[in-house]
Amino acid sequence: MRQFLNYVLLLVASLLLTDGYSRELPVRTPTEFGEAVEKLQPGDTLIMRNGVWADALLVFKGTGTASRPIVLRAEKAGGVTLEGKSRLRLAGQYLLVTGLYFRNGYTPGSGVIEFREDSKHLAFNCRVTECVIDGFNNPDRMKEDIWVQLYGQHNRFDHNYVAGKKNGGVTLAVNLNDAQNQNNEHRIDHNYFGPRPRLGSNGGETIRVGVSTFSLTSSRTLIEENYFYHCNGEVEIISIKSCDNHIRRNLFVECEGGLVLRHGNRNLIEGNVFLGNGKPHTGGVRVINAGHKIWNNYFADLNGEDFRSALTIMNAVPNSPINRYHQVRDVLIAHNTFVNCKSIELAAGKDLERTARPENVQVIGNVFYSPKTDSLFHVYDDISGISFRDNVVQLGTKPYLPGLTAATMSLMKTSDGLLVPLPKATLPPDFPTVPGSMDITGSPRKNGNLAGAVLSAAVRQFKRPVVEAEAGPGWFRPMPTDNPKTGNIWPVRSNEPDALSRICKQLKPHDVVELVDTGTYPVSKAIPINMPLTFRAKAGLPTRPTVAFAGEDGNFAFFTIENGGALRLDGLAFVGTSASNVADCIIRTSANPMIEHYKLIVNNCLFTDLTEGRRSAFRATKSTYADTVLFSNCVFSNITGDVLSLAAEKEDKGIYNAEYVILQNCLFRNILTGALDLYRGGNDESTLGPFLTVDRCTFDNVGNVELGHVLSMKGAQWTDIRNCLFHNSGRAGRSLLYEDYGWTTNRLTNCNFYQAGRIESFYPVRQTGITKLPTEFINPAAFDYRLKPATPLARQATKGRFLGFSATP
């Protein structure tokens, strides 16, 4: 019943608010639209006929009244699709837009929907409702745009579905650049903000209210009862950069980030629910600046740490410029419930710049229930400016901070499905607070009701937050995402002329190309990968089939991953030298920007004979981004460049080429430049990665050029190198080259460095089990790099395993 209820009510309302002189004006083209707009009067309804409106640059303007708005609607909700280079701008008074669907295109310029025609003609008392913007992306992911731009005052954006933004720029922004846009009292409510994947750069917020320049200006924007699902663009899901905003009763589900009070003062955060469901990097609220009130919120199963923790109170910059970190002071954090969260961060971000500690922060009447967490509260500086009073806790084994009262609790499920802790043991008889029973000054009232003492108002007194079914348009629901199934299997034989290139012309998404014999498969033309594909050896072959370079172009790559592509390789040998030239690399990404993320998964493959200039097995290009790059059980031999190069983003803006880079049980031998060049420049803290894992790898004669490296990890924010052997590598430079920041996590565990270069880093690396013992391999000439059983290094790896690479090609 609800599916069309909102839309029908809008139509009924528009009819009731019109009189006999009101008109319905149907239009079929953008030209007719523009002509009709010039004639609009209060109470008129402009009806866009169903169909595809391509490259429609629409300006909807007019002067309606509160009782007789001017309405723009689709003939049928969702029946009008705006595609190509389309956009909508509103300007005037009392305009209402409903039922439009933006898809299959992008808007060149600043916004898909803008509440202004230009800087002099803004929107006031206007509303956009029951519309959809889905995947309306610029094909270059680093080209920034903002899908929804709110200007003017007293506008409303509600019951819309907005999802799938993959290029740079905020999804929805409230602008405060002059007096006409300030103290705006906009309302953003009941929207479904659907998945936004990681951007790998700053500028991936879902909502931003203001910018630093105007952050001490009042916006007075109300953000309420929205549903945020998998909004993972960057650390800030909602970025508040202004004063006197109210964010209440929103539901955040499995979002990698938090609601961040980045700039501005006196913001109220109440009645929101944050559900992490144990997913990594899911967060809650981060606090910066002064005068905020954060109360009656519910945080559950949030697994984020650092700036993505359930609650983060920041250190600040003394006498901070307006665009840095102002001191946290005069803040009230009261009557919130935290259930099975991983981390609370206090005085977070302390470094040589951020030395101003929080002042007059009151933490009152909260419940912290994480019995499996030994250390929930992480403290980085003197927190005497944070006072704890009348909080109830049940944690693991670490001591509690003063002002935390220990209690044994059990979980009760509310009618809304939220688990709320209730005490089993008696609290002190004078325990004063009942969460939710607080006056506006933050003063708690006396009450001995123990159940009330641990029930936050978010689930006990206030209206419950929005649920998924209540958000977004009634006429639209996102399609479920099914796990892709394996497509057809295409067998190819080495004696078939141009076998691989020929077969690739017939492939469909998720198909498998299977090399069925151990002969040589020559490749003279690059194979474009613009869909998910797999190339593998047939099971049971005695040796790997050989895929050999047979071309003459030295800029050649065997595979080029293009937009929409993903590549899996398994059980193959790649030879990079032909009779007349040497290939540039085996795999690389497109020279053109890619909006879609990709995956590269390689197992049990050999890469060899890239022996001229700076050649690579894999090279990522600019404006391309991988969710995962994984090489397992692979051998790399006789390569002159960085074997794996993910260092194309050199602008030092926090941009990088891959989120997760994983090397498992791989051998690198006779490598001139280095095994890995992974780069993320700049000190921006909005993103998570890159994440690097190197486990059970052996490096023999790698990176011995002057000032060379084995692994270069400049700017990677999380690295875990374990169970590896560095032998005769990095001698004239570095085995490991870090260029890190204070928040970086670098772990080095159970690794041996023999005749190897130094470890270079700015901040200390967490090192455990590091040795410099001689390495003795069974038969390196035959690629058998297992350690001899009698070596002192035997069984030194994690779980008693041998260090280094263990496979025999």
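Above this text you will find the structure in question.
Note that the coordinates shown come from a computational prediction; the quantities given were computed from them, not determined experimentally.

Chemist: Tell me about the sheet that holds strand β72 (residues 758–760), and name the residues and values.
Modeler: Spatially, the nine strands line up as an open sheet ordered β48-β51-β54-β57-β60-β63-β66-β69-β72, and their pairing is parallel. Edge positions in the sheet fall to β48 (527–529) and β72, since each has one partner strand and no second. Each neighbouring strand pair of the sheet contributes to a mean axis angle of 10 degrees, computed without reference to strand direction. Bridging between strand β69 (residues 734–739) and β72 involves three bridges; their strand directions are parallel. Across the sheet, the residue bridging to Leu737 is Glu760, located in β72.

Chemist: Break down helix α2 (residues 30–37) for me, with residues and values.
Modeler: An α-helix turns once every 3.6 residues. As a result, residues three or four positions apart point the same way. Taken residue by residue, α2 has Phe33, Ala36 and Val37 as its buried positions. Seen along its axis, α2 keeps its buried residues to an arc of 100 degrees; they face one direction. Taken together, the buried residues of α2 touch β1 (24–27), β2 (45–48), β3 (51–54), β4 (57–63) and β5 (70–74).

Chemist: Could you give an account of the nonpolar core, with specific residues and numbers?
Modeler: Residues Phe33, Met48, Phe60, Leu90, Leu100 and Phe377 are the most contacted members of the largest nonpolar core, which totals 85 residues. Discounting chain neighbours no more than four positions away, the residues touching Phe33 are Val27, Leu46, Met48, Trp53, Leu58, Val59, Phe60 and Leu72. Counting residues in hydrophobic clusters, the runner-up holds 75 residues, among them Leu663, Leu692, Val702 and Val765.

Chemist: Hey, could you go over the packing of aromatic side chains for me, with residue numbers and the actual values?
Modeler: All chains considered together, the criterion is met by 35 aromatic pairs. Ring geometry for Phe102 against Phe136: centres 5.7 Å apart, planes inclined by 75 degrees, an arrangement best described as edge-to-face. Taken together, the residues span a long stretch of sequence, with Phe102 in strand β9 (residues 100–105) and Phe136 in the loop between β14 (132–134) and β15 (148–150) at a distance of 34 residues. A relative accessible area of 0% means that Phe102 is categorised as buried. Where Phe699 meets Phe726, the ring centres are 4.8 Å apart and the plane angle is 15 degrees; that geometry is what we call stacked. Placement of the pair is Phe699 in strand β65 (residues 698–702) and Phe726 in strand β68 (residues 725–727), with a sequence separation of 27 residues.

Chemist: Requested: an account of the pairing of β4, with residues and values cited.
Modeler: A one-sided burial pattern is seen for β4, the buried positions being Leu58, Phe60 and Gly62 and the unburied ones Leu57, Val59, Lys61 and Thr63. For β4 and strand β7 (residues 87–93), the ladder comprises seven bridges, and the chain directions are parallel. Across the sheet, Gly62 pairs through a bridge with Gly92, a residue of β7.

Chemist: Mind laying out the side chain of Glu270, listing which residues take part and the relevant values?
Modeler: Relative to the assigned elements, Glu270 resides in strand β28 (residues 268–270). Looking at Glu270, its side chain comes within polar contact range of the side chain of His246, at 2.6 Å.

Chemist: I'd like a description of the sheet that holds strand β56 (residues 606–610), backed by residues and values.
Modeler: Through backbone hydrogen bonds, the strands of a sheet pair up, either in parallel or in antiparallel fashion. Taken together, nine strands build an open sheet; the order of strands is β47-β50-β53-β56-β59-β62-β65-β68-β71 and the sheet is parallel. Each edge of the open sheet carries a strand with a single partner, namely β47 (520–523) and β71 (752–754). Between one strand axis and the next, the sheet turns by 10 degrees as a mean value, whatever way the strands run.

Chemist: Explain empty space enclosed by the protein residue by residue, including any values.
Modeler: Under the criterion given, the structure shown has four cavities of 30 Å³ or more. Put simply, the largest cavity is a space of about 50 Å³. Taken together, Arg198, Leu199, Gly200, Asn232, Gly233, Glu234, Glu256, Arg308, Tyr656, Glu659, Thr687 and Leu688 make up the full set of residues lining the largest cavity.

Chemist: Hey, could you go over the pattern of salt bridges for me, with residue numbers and the actual values?
Modeler: All told, the structure shown has 44 salt bridges when counted by the stated rule. The residue Glu114 makes a salt bridge to Arg116 at a minimum N-O spacing of 2.9 Å. Neither Glu114 nor Arg116 differs from the other in exposure class; each is buried. The network of salt bridges with common partners includes Arg127, Arg156, Asp158, Arg187, Asp189, Glu224, Glu225, Arg248 and Arg249.

Chemist: An account of the pairing of strand β59 (residues 635–639) is requested, with residue identities and associated values reported.
Modeler: Of all the five residues making up β59, four are buried; the element is thus mostly covered by neighbouring parts of the structure. The sheet contact formed by β56 and β59 spans four bridges and is parallel. Across the sheet, residue Leu606 finds its bridge partner in β59, namely Val635. Sheet analysis places β59 next to strand β62 (residues 667–671), joined by four bridges and oriented parallel. In the strand pairing of β62, Val635 is matched with Leu667.

Chemist: Outline the environment of Ala807, supporting the account with residue identities and numerical values.
Modeler: Looking at where Ala807 falls in the secondary structure, it is placed in the segment after β75 (784–787). Separated by 705 residues in sequence, Ala807 and Phe102 place their C-alpha atoms 52 Å apart. In this structure, Ala807 is in contact with Asn665 and Phe783, ignoring residues within four places of it in sequence.

The rules behind these values
Residues numbered from 1 in each chain as written. Predicted model: local features only at pLDDT ≥ 70, side-chain atom pairs only at ≥ 80, totals over all residues. Heavy atoms only, no water. Pairing = 2+ DSSP bridges. Helix = DSSP H or I, 4+ residues; strand = E, 2+ residues; numbered from the N terminus. Axes fitted to C-alpha atoms, helices over the stretch in contact; angles between N-to-C directions. Buried < 20%, exposed > 50% of the residue type's maximum accessible area, 1.4 Å probe, protein only. Arc of directions from axis to C-beta. Contact = heavy atoms within 4.5 Å. Core = buried A, V, L, I, M, F, W, Y, C linked by side-chain atoms within 4.5 Å. Phe/Tyr/Trp six-rings, centres within 6.5 Å; stacked < 30°, edge-to-face > 60°. Polar contact = N/O pair within 3.5 Å; in protein donor to acceptor, adjacent residues only side chain to side chain. 1 Å grid on protein atoms, 1.4 Å probe; cavity = no way out; pocket = protein on both sides within 12 Å on 5 of 7 lines; lining within 4 Å. Points joined across faces, edges and corners; volume = space filled by probe spheres on them. Salt bridge = Lys/Arg side-chain N within 4 Å of Asp/Glu carboxyl O.

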